[in-house]
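# Secondary and tertiary structure notes
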Amino acid sequence: MALENNIKEKIAAEVIKTLISRFENFPENATNNRNAPFHTAFLQAFTDKFRGKVSDIPFFISLSSWMHGLNTTLGQTFFENIAHHISNGEKREYTSKRLGNLKITRSQRNHISQIIADLSNSSQNPDLQRENSIIFNHYDNELIDAMDFSADVFFEEDDRIYAIELKSVKPNSGEMKGEKHKILEGKAALFEKYKGKKVHFYMGFPFDPTVNIESESETSFNKDRFLNQIINMSKFFSKEETLVASELWDLLSGDTGTMEQILEIINSISTVDFMEKYNFLSDNDNRSKPEYKRILANWFLFSELKLVENDNIIKEKIKGDKKLTRIYNLQAFNNSRSNKGLYRFDRYMILKSLI
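Residues numbered from 1 in each chain as written. Predicted model: local features only at pLDDT ≥ 70, side-chain atom pairs only at ≥ 80, totals over all residues. Heavy atoms only, no water.

With that settled, the discussion passes to the overall build of the chain. A tally of regular secondary structure across the chain gives 17 helices and seven strands. Counting all 355 residues of the chain, 45% fall into the buried class. Taking the contacts inside the chain whose residues are at least 6 apart along the sequence as the reference set, 72% of them involve residues at least 24 apart. Looking at the chain as shown, the accessible area adds up to about 19,200 Å², and 49% of this sits on carbon and sulfur atoms. The distance from the centre of the 48 positive side-chain charges to the centre of the 50 negative ones in the chain is 5 Å. (Helix = DSSP H or I, 4+ residues; strand = E, 2+ residues; numbered from the N terminus. Buried < 20%, exposed > 50% of the residue type's maximum accessible area, 1.4 Å probe, protein only. Contact = heavy atoms within 4.5 Å. Areas by Shrake-Rupley, 256 points an atom, 1.4 Å probe, with all protein chains shown as cover. Lys, Arg positive; Asp, Glu negative; His and termini not counted. Charge placed at Lys NZ, Arg CZ, Asp CG, Glu CD.)

Written as C-alpha cells, this is what we have:
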C-alpha cells in the first residue's frame, strides 16, 4: 500500500534539505582541498590502483571527507527523521536531564547483570523469549533508578510499546555488550512504566551493505550474513531483536514496500539538475509558470502545489493585509543557516486557511 501523500511530502522535504546541505559543502575544485599530507603520502603506494579511476589524489581526499559528511548526515539526522515521519513516532530520552529516570526493581537489575554475564562468557546464547520471561516480571521488592537510555524511535499503541535504536550498518567494535545492557534495562523500565502493555525494543539498521546489488535487490537483506559481520553481534543479540533494511521500514510504516517508496522519492528529487530546479522553485516570479507546478508534483510537494493552484484566491484574500502579504511573498524554502532548504510548512498552514 502506498504511503499517504502527507508522509511522502515530509520525506521529500527531508531529502531536499539534505541535498542542499551537501551541495553547499561539495568540493568543486582543488582550491579548497584539505591539507592531508599523511593521507597523500600513503596513497602514493596505490597510484597504479587509482590509474584511470582517480586523477587527483588531493581532490579524492576532499571527496572522501565530503562522503563521510553525507554518511554522518544520513546516520544522525535523515534516517531518524524519516523513521519519525512514517511511524508517527518520536525520539524518547529517559535520562536524569530529560524525562527523568524510569524505575526497575532490584531483582530486575540483578537478573539483567546475570544475563549479560552469561552472554559475555558464552554460557548462554542470546534468547529473546528466555530473557523476556526473566525481566518481564513484577518483582515485589525495592524500586531503583534504571540506567539512562533513549530510543531513536518510540511509538505507543493500545497494547504495545515500540522502541528502536537506529544504528550505523558498521557499528563500533565492542559496542554490542553495552547496547544489550542498555536495551535490557530499557525494556525492564518500560515494562514497569507501561503496565499491561507488551514491550518491543529493537536494534534497527536502515539497509544491508552485504547485499550484492548485481544479483540481489537493494532493499533486500540477509540477516544472518549481515549480523555475523558485526563483531560480537550474534554473541549478544538474537535475530528477533534486530530489524534490517526493508524489515525495519515496513515495521515503522505498518505496511509493505516502504523502503522502495522512500528510495523512489529520493531518486525523483536527487537528479543532476536538482540545484537548477531548486533555484527555479525559489524564485517567486516563476509561480505562475507550468514548469513550477510540474516540479512540485515530481518532488511530492503537494502543499505548495495546492497554494499555487489557488493563487488567485489567496491573492484576493490578502489584499490590504501587510502581515499576510509578507508571508505570501516568502520563498517556499527556508534560507536560514540551521534550516536551509527546509520547506516552509508554517507558511503553508497560514495561507491554506485562506482557501
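If you walk through the whole model with that rule in mind, you get 18 aromatic pairs. Arranged with centres 5.2 Å apart and planes meeting at 50°, the rings of Phe50 and Phe60 form a pair that is tilted. Of the two residues, Phe50 is situated in helix α3 (residues 47-50) and Phe60 in helix α4 (residues 57-87); the sequence distance between them amounts to 10 residues. The exposure class assigned to Phe50 is buried, which follows from its relative accessible area of 13%. For Phe60, a relative accessible area of 27% puts it in the partly exposed group. Grouping aromatic residues by their ring pairs yields a cluster made of Phe23, Phe274, Tyr278, Trp299, Phe333, Tyr343 and Phe345. Above the ring of Phe237, the side-chain terminus of Lys180 is found at 5.1 Å from the ring centroid. One residue, Lys193, lies across the ring of Tyr194, its end atom 5.4 Å from the ring centre. (Phe/Tyr/Trp six-rings, centres within 6.5 Å; stacked < 30°, edge-to-face > 60°. Lys NZ or Arg CZ within 6 Å of the ring centre and 35° of its normal.)

Here we take up helix α13 (residues 290-298). In an α-helix, one turn spans 3.6 residues; hence positions three or four apart end up facing the same way. Looking at α13, one finds that the buried residues are Tyr292, Ile295 and Leu296. Viewed end-on, α13 has its buried residues packed into an arc of 100°, placing them on one side of the element. The secondary structure elements touched by the buried residues of α13 are α12 (274-282) and α14 (302-309). A positive phi of about 65° marks Phe300, the residue just after α13. (Arc of directions from axis to C-beta.)

In this section: the packing of helix α1 (residues 5-24) against helix α11 (residues 258-269). Taken N-terminus to C-terminus, the directions of α1 and α11 make an angle of 50°; their axes are 10 Å apart at the nearest point. When the axis of α1 is compared with that of α11, the two are oblique. The handedness of the crossing between α1 and α11 is right-handed. Together, Lys8, Ile11, Ala12, Val15, Ile16 and Leu19 of α1 and Gln261, Ile262, Ile265, Ile266 and Ile269 of α11 make up the contact between the two elements. When its residues are assigned to classes, the contact of α1 with α11 shows nine nonpolar, one polar and one charged. (Axes fitted to C-alpha atoms, helices over the stretch in contact; angles between N-to-C directions. Parallel < 35°, antiparallel > 145°, perpendicular 65-115°, else oblique. Left-handed = near helix turned anticlockwise from the far one by under 90°. Nonpolar A, V, L, I, M, F, W, Y, C, P; charged D, E, K, R; others polar.)

Counting 88 residues, the largest nonpolar core has Ile11, Ile16, Leu190, Trp249, Leu252, Ile269 and Trp299 as the members making the most contacts within it. Among the elements that make up this core, the one with the highest residue count is α1 (eight residues). In this structure, Trp299 is in contact with Ala12, Ile16, Ser268, Ile269, Phe274, Lys277, Tyr278 and Leu281, ignoring residues within four places of it in sequence. Among the nonpolar cores identified, the runner-up in size contains five residues, and Ala36, Leu43, Phe50 and Ile61 belong to it. (Core = buried A, V, L, I, M, F, W, Y, C linked by side-chain atoms within 4.5 Å.)

What follows covers the side chain of Glu131. Within the fold, Glu131 resides in helix α6 (residues 128-135). Setting aside its immediate chain neighbours within four residues, Glu131 contacts Ile115, Leu119, Pro126, Lys180, Leu184 and Glu241.

Closest axis-to-axis distance for the helix α10 (residues 246-253)/α11 pair is 7 Å, and the angle between their directions is 95°. Considering their axes alone, α10 and α11 lie roughly perpendicular with respect to each other. Between α10 and α11, the residues in contact are Ser246, Trp249, Asp250 and Ser253 and Thr258, Met259 and Ile262, respectively. Classifying every residue of the contact of α10 with α11 gives three nonpolar, three polar and one charged.

Here we take up the pattern of salt bridges. Per the counting criterion, the structure on display carries 24 salt bridges. When the shortest N-O distance is used, the salt bridge between Lys103 and Asp145 registers 2.6 Å. Taken as a pair, Lys103 in strand β2 (residues 103-105) and Asp145 in strand β3 (residues 143-145) lie far apart in primary sequence, 42 residues in all. Among the ionic pairs, Asp273 bridges to Lys277, the shortest N-O distance being 3.7 Å. (Salt bridge = Lys/Arg side-chain N within 4 Å of Asp/Glu carboxyl O.)

Another aspect to go through is the pairing of strand β4 (residues 149-156). In terms of residue burial, β4 counts as a mostly covered element, since seven of its eight residues are buried. By the bridge criterion, four bridges tie strand β1 (residues 90-94) to β4 in an arrangement that is antiparallel. Bridging from a neighbouring strand, Glu93 pairs with Ser150 of β4. Here four bridges tie β4 to strand β5 (residues 160-166), and the two strands are oriented antiparallel to one another. Within β5, the position partnered with Val153 by the bridge is Ile164. Where β4 hands over to β5, the hairpin turn is made up of three residues, counted between the paired strands. (Pairing = 2+ DSSP bridges.)

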